Amino acid sequence: MKEEIIIAGFGGQGVLSMGKILAYSGLMDDKEVTWMPSYGPEQRGGTANVTVILSDEKISSPVLDSYDIVIALNQQSLDKFAPKVKPGGILIFDTNGIHNRPTRTDIEIYPIDAMEATLEIGNSKAYNMVVMGALLEAMPYKLPMENVIKGLKKSLPERHHKLIPLNEKAIEKGREILKK
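Caption draft 1: Examining the environment of I6 more closely. Inspection of the secondary structure puts I6 in strand β1 (residues 2-10). A residue is classified by how much of its surface remains accessible, and I6, at 1% relative accessible area, is buried. A sequence separation of 108 residues divides I6 from A114, and the C-alpha atoms of the two residues are 18 Å apart. The residues touching I6, leaving out its near neighbours within four places in the chain, are N49, V50, T51, Y67, I69, V70, I71 and F81.

Below is the structure:
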């Protein structure tokens, strides 16, 4: 098993946090993991992406030209990374602000409305966890939920552990979106 994933969007959308939680979740499941963030000088509003590789075997390099799974949270990221999904791969994108939808027929495409889902659960700060839920549902390798929660606990400062139930709810909402 090897999953090569990139998550891309604007700073402030929780892109790097999602990648970190995914990486920690893989570690908790005894996988080999790389986590390679890339972001502009702005903390919020600049572009950001993170590459995560989960594997049963040693990972030779975290630098990739193509991906098994691409998550794009804005048009700029969709334009840049959708062509880099390997044939047979997965593209998940948030429909908000997307004007040019992907048209590839050789990949699985999952449009999601993560912002609408956050309104349904009553907290827009859980946006990235809705997207994480969609990823967990779509990816062929199924990370155990208990490891995702351990990854959340490892990623969040202890003072924010009270938000873990909200994050779990958001993850489940993201999974539900793809099950429809």
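Read on, since the account is not over.
Caption draft 2: How the structure looks around helix α4 (residues 127-138). For α4, built from 12 residues, the straight-helix expectation of 16 Å at 1.5 Å per residue is met to within 8% by its first-to-last C-alpha distance of 17 Å. Taking burial as the measure, the 12 residues of α4 include 11 buried ones, the bulk of the element. Listed in full, the buried residues belonging to α4 are Y127, N128, M129, V130, V131, M132, G133, A134, L135, L136 and A138.

Caption draft 3: How the structure looks around the packing of α4 against helix α6 (residues 164-179). Here α4 crosses α6 at 50 degrees, and the two axes come no closer than 6 Å. As summarised for this structure, α4 and α6 are arranged oblique, according to the angle between their axes. Remark: the crossing between α4 and α6 carries right-handed chirality. For the pair α4 and α6, the contacting residues are M129, V130, M132, G133, A134, L136, E137 and A138 in the first and N167, A170, I171, G174, R175, I177, L178 and K179 in the second. Class assignment of the residues belonging to the contact of α4 with α6 gives a composition of 10 nonpolar, 3 polar and 3 charged.

Caption draft 4: Main features of helix α3 (residues 114-121). Within the span of α3, buried status applies to A114, A117, T118 and I121. Within α3, the buried residues cover an arc of 100 degrees as seen down the axis, which keeps them to one side. The secondary structure elements touched by the buried residues of α3 are β5 (85-94), β6 (108-112), α4 and α6. Just beyond α3, the residue with positive phi is G122, at close to 85 degrees.

Caption draft 5: Broad picture of the pattern of salt bridges. For the coordinates displayed, the defined rule picks out 8 salt bridges. The closest approach of N and O atoms between K2 and E4, which form a salt bridge, is 3.5 Å. The exposure class of E4 is buried, given its relative accessible area of 8%. Close ionic contact of E120 with K173 constitutes a salt bridge, the shortest N to O distance being 2.4 Å. Of this pair, E120 sits in helix α3 while K173 sits in helix α6, placing them 53 residues apart in sequence.

Caption draft 6: Geometry of the pairing of strand β3 (residues 47-55). For β3, a buried count of 8 out of 9 residues is recorded, marking the element as mostly surrounded by other parts of the structure. Sheet topology note: the β1/β3 ladder contains 9 bridges and is antiparallel. In the strand pairing of β3, A8 is matched with N49. Across 8 bridges, the pairing between strand β2 (residues 32-39) and β3 is antiparallel.

Parameters at a glance
- Residues numbered from 1 in each chain as written.
- Predicted model: local features only at pLDDT ≥ 70, side-chain atom pairs only at ≥ 80, totals over all residues.
- Heavy atoms only, no water.
- Helix = DSSP H or I, 4+ residues; strand = E, 2+ residues; numbered from the N terminus.
- Buried < 20%, exposed > 50% of the residue type's maximum accessible area, 1.4 Å probe, protein only.
- Contact = heavy atoms within 4.5 Å.
- Expected span 1.5 Å × (residues − 1).
- Axes fitted to C-alpha atoms, helices over the stretch in contact; angles between N-to-C directions.
- Parallel < 35°, antiparallel > 145°, perpendicular 65-115°, else oblique.
- Left-handed = near helix turned anticlockwise from the far one by under 90°.
- Nonpolar A, V, L, I, M, F, W, Y, C, P; charged D, E, K, R; others polar.
- Arc of directions from axis to C-beta.
- Salt bridge = Lys/Arg side-chain N within 4 Å of Asp/Glu carboxyl O.
- Pairing = 2+ DSSP bridges.

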